[in-house]
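Structure at a glance
These are the residues of each chain, in order.
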Amino acid sequence: MTINLGGRVLDYELHRKPVKHINLRIRPDGSVFVSANNNISQEEIENFIIKKSEMIFNAIERYSEISKYSAEDYSYVAGESFRYLGKNLRLKVNVGKGKVDTDGVYLYMTLHDISDKKMKIQLISNWYDKECRTLFPAIIRDVYNKLFQKYDIALPSLIIRNMTSRWGSCQIKRNTITLNRRLIETPRECIEYVIVHEFTHFLQPNHSRKFYDLLAVFMPDWEERKNTLEGFMFQRI
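Only a predicted model underlies this, so the values are computations on that prediction, with no experimental measurement involved. (Residues numbered from 1 in each chain as written. Predicted model: local features only at pLDDT ≥ 70, side-chain atom pairs only at ≥ 80, totals over all residues. Heavy atoms only, no water.)

**Points about the sheet that holds strand β8 (residues 106-111)**
Our working definition: Here the rule is simple: two strands pair whenever DSSP picks up at least two bridges between them. Here a strand is any run of E in DSSP of at least two residues, a helix any run of H or I of at least four, and the numbering for each starts at the N terminus. Interaxial angles span 0 to 180 degrees and are taken between N-to-C directions of axes, which are lines fitted to C-alpha atoms, for helices over the stretch in contact.
As summarised here, the arrangement of the 4 strands in space is β5-β6-β8-β7, forming an open sheet in which the pairing is mixed. Two strands close off the open sheet at either side, each with one partner strand: β5 (81-84) and β7 (99-102). Neighbour-to-neighbour, the strand axes of the sheet open up by a mean angle of 30°, direction not taken into account. Bridge count for β7 against β8 is 4 bridges, and the pairing is antiparallel.

**Structural notes on the packing of helix α4 (residues 188-201) against helix α6 (residues 222-230)**
Heads up, the condition is: Oblique is the label for every angle not falling under 35 degrees (roughly parallel), over 145 degrees (roughly antiparallel), or within 65 to 115 degrees (roughly perpendicular). Two helices that cross are described as forming a left-handed crossing if the nearer one is turned anticlockwise from the farther one by less than a right angle, and a right-handed crossing if clockwise. For this analysis, residues touch if any pair of their heavy atoms sits within 4.5 Å. Polarity classes work like this: nonpolar for Ala, Val, Leu, Ile, Met, Phe, Trp, Tyr, Cys and Pro, charged for Asp, Glu, Lys and Arg, and polar for all others, with Gly in that last group.
As a packed pair, α4 and α6 sit with axes 9 Å apart at the nearest point and diverge in direction by 115°. By the criterion of interaxial angle, the relationship of α4 to α6 is roughly perpendicular. Considering the relative orientation of α4 and α6, their crossing is left-handed. Packed against α4, whose contacting residues are E189, C190, E192, Y193 and V194, the element α6 presents W222, R225, K226, T228 and L229 at the interface. Of the residues assigned to the contact of α4 with α6, the class counts are 5 nonpolar, 1 polar and 4 charged.

**Looking at the packing of aromatic side chains**
For clarity, the cut-off: Only rings of Phe, Tyr and Trp enter the pairing, Trp through its six-membered ring, and a pair is recorded when the two centres are within 6.5 Å. The plane angle decides the type: under 30 degrees is stacked, over 60 is edge-to-face, the rest tilted. For every residue, the accessible area obtained with a 1.4 Å probe (protein chains only) is divided by the maximum for its type, and the residue is called buried under 20%, exposed over 50%, and partly exposed between those limits.
Enumeration according to the criterion identifies 12 aromatic pairs in this entry. Between Y76 and F82, the ring centres sit 5.5 Å apart and the planes meet at 40°, which makes this aromatic pair tilted. Judged by relative accessible area, which is 3%, Y76 ranks as buried. Look at F82 and you get buried, because its relative accessible area is 3%. On the numbers, 6.1 Å between centres and 50° between planes, the contact of Y106 with Y108 is tilted. Judged by its relative accessible area of 30%, Y106 falls in the partly exposed class.

Laid out in structure tokens, this is it:
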């Protein structure tokens, strides 16, 4: 299917399925997938796509940028980019005491021997770990206080680990939420989405329609956040 959006032509796949709402998904390759039930007219579907057009094109552009970025072979030299909270930070390397910091635009690294790649890798890895340990618990507490404390759910313990195919998980009996370390690459709204998703499982443990209806109450734009998250490929950090 094809639709003209303000002079830009968008191709999309339309699948008729027994779903409650119009569902939109943007794949990492930039292709657009729409599903809707047979009772929804083509006009309604196109109006929905028009309403979401800015988000769609932003996601496609982001995926294109990430695809180029993910192909880089890191040498840990000045000018390379490292993802942090959805941004590409340009690396600057100087001689000094071993540490890493950022101003939101550049990633500043200092170390005694700027040719020591092994130390560079360790310094950046340690910095990512520190950022995860600081940011993830803060977002969990914020989400808990705003949305879930009233349900008499105890504040869960946090586990941070490298995972190859999942952004997060939870163990209700153990009262834990596990987050993928690589979430630190993604925008804050994506981290919030994963955390709200896992918290919602404490109230609805499966992925039933009730789960998604409840998730939509807590986070009405969860599908847009999920689409954004899917654009951030897993990579070594």
